[in-house]
Structures are given as structure tokens and as C-alpha cells.
Amino acid sequence: MHVENFKIFCDLVETESFSRAAKRNGITQSAVSQQLRAMERHFDVLIVDRSHKQFRLTPEGKRIHASAQEILNRYDTLRSDVDEMRKIVSGVIHISTVYSIGLHELPPYIKKFLQDFPAVNVRLEYRRSNLVYEDVLGNSVDLGLVAYPLKNRQTGVVNFLQDKLVVAVSPQHPLAKKSEVDVKELAQHKVIAFDQDIPTRKAVDQMFKDFKLQVSPVMEFDNIETVKRAVEINAGVALLPSATLQAEIKAGTIKEVKLKGIELIRPLGIIYRKGRVLTPAIRAFITSLTGKPFREKSGAVQPGDED
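These numbers were taken from a predicted model, which means no experiment stands behind them.

Asker: Let's hear about helix 9 (residues 199-210): which residues, and what values?
Answerer: Between its first and last C-alpha, helix 9 extends 16 Å over twelve residues, near the 16 Å set by a 1.5 Å rise per residue. Downstream of helix 9 by a residue or two, Lys 212 has a phi angle that is positive, lying close to 55 degrees.

Rendered as C-alpha cells:
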């Protein structure tokens, strides 16, 4: 058995899908099936119970899976330790990110990181926030980047940046003449929003709720670029991160209006799966993003003294 065999098998168990395991490893679905049959022949046991419609391991399969996970973890630790001893920072970093961070916040950081570590390749996937968490927990990516990051038993968080939400309006909108607007006045206009399951939408809804205002968006979208296009055609106003509006402000297609007496902060974070071995390249990337010395603290990965 090779390490690659165990990796494919663990991905199969994790995803409970031959097609998704194949995608993770860049092979065909048939190749995953062949790997499983090869393992069953090698150990002379049935690993997957094929009498059920749902994916289910046999007792022997569960034991093999537990050992395979342990072997993979030890191998990753060994490889990481050897690379650190040789002071090698190379390899591929897979990142899953929401559109706003990946398109607007991350590019200058990646540019500098690749200049500092040219032997590293960074691959980005743009996803909805809930899918970023799925990618991280499913080990299909190394790190995730989200707004309003949530820490739980399986997911750790490293603080990245803080955005400020502002009112984005078309130059033709009545609010475009103002430098700031009261929340109650804002609620009197048509509002364009993110979909209800997106964290930034939840934060905006909570703000209106705190002011005892009922606001029903006229449009809802799942990504920031579509929201901005709707604002540009004067379909309504939107609360968006200031950093994501700079190109449109420079082009004169969107104006930024501040909220009067309120500072609505949107925290951004790097999320990772707890217990995962972080390679020197991943550690260097986290340090590059945060600008703080990286260290592992009480089983949770954080830069500096942050918790």
C-alpha cells in the first residue's frame, strides 16, 4: 500500500462519493473504484458494505480507515518536519474564499507572498460562505477566507482584516449628494441585499433590527459583484465593504456614503481545520497575511498572541 492509496480511500470515506473523491485527487471515478478493490484484495476483506444504498463501511473498513487516517497524519507531520529542517517553503496551497475577499482583499497579499516564496503555488476557489466551511472541514482545501468567521470544535480562526460597511449608491441616487446618512433615512429607500444565509446580510439585518426598522430588500444576490451592478443601474442602495468599492468609486459609477453615528465593522478571518498538519508553506502564508509571527498555541493556530 502507498500513501496515495490511503489518501484516496480517506477522501472516499470523507465525501461518501466516488465522484467527489476522484475530483479531489485529480483522477477518474473508475480509478477510485479500482483503488478500493485493490485495498480489499490486499487486506482480503470487504471494506465497503455494498448491500446498502448509502455509503457504509464494514467493521473491517472502519478499522482500516482509522489506521489510514493515523498513517496520513504521521506522514504529513514527517514531511512538514523535514521541510522545516531543510528550510524549504514550497508546494501548493489550496484556498477557498468568498468573492469579496478573493477579488478585492487578497490579491496584493498573494502577489507579495509569491514574490517572497516563488516555489509556492496558490490556488483559489471562489465559493459561498457556507461552502468555504465545507471545503475546509472536508479537507478539500488547506485554508478558507470568510467574513464574520465562526470558531467551533472543528474549525479554528486566525484574524485577518476588518472592513467597514458603507452605503453604496448610484451617482444618480438622491443619497449620492450626502456624505453620511442616518439609518432611519436609509430604511426609507429601496435596499439591495445579499442572500439571507450570507453573514454580511445577517449583520445588516441585525443592525436594522437594533433600530427597530423593518426593511424588505427589493433584490437579493449571492455575490458582491452582482450587488454592485444593481447599485450602478440605480436599482437601490446597498451596505457593502468600503474596500470592495474603490474601483467603482474611481470610475464614478458608485458613490460611498457613510452611516451617521455608526461604525459597522465586518471582520475577515482565515479558517482551518483543527488537527490538520500545516506545512511550512501554509504557515508562511498565514504569517504573510497577518503580518505577525506565527505560532501554534494550545492546539489552535494563531499569529502572535491572538486567540
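Let us keep going from here.
Asker: Which residues make up unusual backbone geometry, and what values do they have?
Answerer: With a phi close to 65 degrees, Asn 139 is a non-glycine residue in the positive phi region. Within the secondary structure, Asn 139 is located in the loop between helix 7 (129-137) and strand 3 (143-147). Of the residues examined, Asn 139 reaches a relative accessible area of 28% and is grouped as partly exposed. You will see that Asn 234, though not glycine, has its phi angle at about 65 degrees, which is positive. When its relative accessible area of 33% is taken as the criterion, Asn 234 is described as partly exposed.

Asker: Give me empty space enclosed by the protein: which residues, what numbers.
Answerer: It is a probe the size of a water molecule, rolled over the atoms, that shows where empty space is left. Under the criterion given, the structure shown has two cavities of 30 Å³ or more. Considering only enclosed or pocket space, the largest cavity measures out at about 160 Å³ in volume. Around the largest cavity sit 15 residues that line it, and Val 98, Tyr 99, Ser 100, Ile 198 and Asp 222 are the ones nearest its centre. Elements represented by at least two residues in the lining of the largest cavity include exactly helix 5 (99-105) and helix 9.

Asker: Break down the packing of helix 1 (residues 3-15) against helix 3 (residues 29-43) for me, with residues and values.
Answerer: Running from amino to carboxyl end, helix 1 crosses helix 3 at an angle of 110 degrees, the nearest separation of the two axes being 10 Å. On the basis of the axis angle, helix 1 is roughly perpendicular to helix 3. Contact residues: Asn 5, Phe 6, Ile 8, Phe 9 and Leu 12 in helix 1; Val 32, Gln 35, Leu 36 and Met 39 in helix 3. Split into classes, the residues belonging to the contact of helix 1 with helix 3 amount to seven nonpolar, two polar and no charged.

Asker: Got a sec to walk through the layout of surface pockets? Specific residues and values, please.
Answerer: Reported here for the largest pocket is a volume of approximately 1600 Å³. Around the largest pocket, the lining comprises 43 residues; the ones closest to its centre are Lys 7, Asp 11, Asn 139, Ser 140 and Arg 276. Within the residue set of the lining of the largest pocket, elements represented by two or more residues are helix 1, helix 2 (18-25), helix 4 (59-85), strand 1 (91-97), strand 2 (120-126), helix 7 and helix 12 (280-290). Counting residues per element, the lining of the largest pocket draws most heavily on helix 4, at nine residues. Looking at the lining of the largest pocket residue by residue, the classes come out as ten nonpolar, 14 polar and 19 charged.

Asker: So what about a nonpolar patch on the surface? Which residues, and what values?
Answerer: Taken together, the side chains of Tyr 99, Leu 103 and Tyr 126 make up a nonpolar region of the molecular surface, amounting to roughly 240 Å² of accessible area. Checked against the element boundaries, Tyr 126 lands in strand 2. Taking relative accessible area as the criterion, Tyr 126 reaches 32% and is therefore assigned partly exposed.

Asker: Can you break down the pattern of salt bridges residue by residue, with the values?
Answerer: Scanning the entire structure with this criterion turns up 20 salt bridges. Here Asp 195 ties to Arg 128 by a salt bridge, and the two come within 3.2 Å at their closest N and O atoms. In this pair, Asp 195 is assigned in the loop between strand 6 (192-194) and helix 9 and Arg 128 in the loop between strand 2 and helix 7, connecting sequence segments 67 residues apart. Beyond isolated ion pairs, a larger network of salt bridges with shared partners links Glu 225, Lys 228, Arg 229, Glu 232 and Glu 248.

Asker: Which residues make up the packing of aromatic side chains, and what are the values?
Answerer: If you walk through the whole model with that rule in mind, you get four aromatic pairs. With a centroid separation of 5.7 Å and an interplanar angle of 20 degrees, the aromatic rings of Tyr 99 and Tyr 126 are classed as stacked. Placement of the pair is Tyr 99 in helix 5 and Tyr 126 in strand 2, with a sequence separation of 27 residues. Accessibility expressed as a relative area gives 32% for Tyr 99, which makes it partly exposed. Taking 5.1 Å as the distance between ring centres and 70 degrees as the angle between the ring planes, the aromatic pair formed by Tyr 109 and Phe 160 counts as edge-to-face. Placement of the pair is Tyr 109 in helix 6 (residues 107-116) and Phe 160 in strand 4 (residues 155-169), with a sequence separation of 51 residues. We classify Tyr 109 as partly exposed; its relative accessible area is 25%. A connected cluster of aromatic rings, assembled from ring pairs, spans Phe 113, Phe 117 and Phe 285.

What counts and what doesn't
- Residues numbered from 1 in each chain as written.
- Predicted model: local features only at pLDDT ≥ 70, side-chain atom pairs only at ≥ 80, totals over all residues.
- Heavy atoms only, no water.
- Helix = DSSP H or I, 4+ residues; strand = E, 2+ residues; numbered from the N terminus.
- Expected span 1.5 Å × (residues − 1).
- Buried < 20%, exposed > 50% of the residue type's maximum accessible area, 1.4 Å probe, protein only.
- 1 Å grid on protein atoms, 1.4 Å probe; cavity = no way out; pocket = protein on both sides within 12 Å on 5 of 7 lines; lining within 4 Å.
- Points joined across faces, edges and corners; volume = space filled by probe spheres on them.
- Axes fitted to C-alpha atoms, helices over the stretch in contact; angles between N-to-C directions.
- Parallel < 35°, antiparallel > 145°, perpendicular 65-115°, else oblique.
- Contact = heavy atoms within 4.5 Å.
- Nonpolar A, V, L, I, M, F, W, Y, C, P; charged D, E, K, R; others polar.
- Patch = residues over 30% accessible without salt bridge, like charges linked within 9 Å, V, L, I, M, F, W, Y side chains within 5 Å.
- Areas by Shrake-Rupley, 256 points an atom, 1.4 Å probe, with all protein chains shown as cover.
- Salt bridge = Lys/Arg side-chain N within 4 Å of Asp/Glu carboxyl O.
- Phe/Tyr/Trp six-rings, centres within 6.5 Å; stacked < 30°, edge-to-face > 60°.

Honestly, that's just the spatial picture; any functional story needs more than this.
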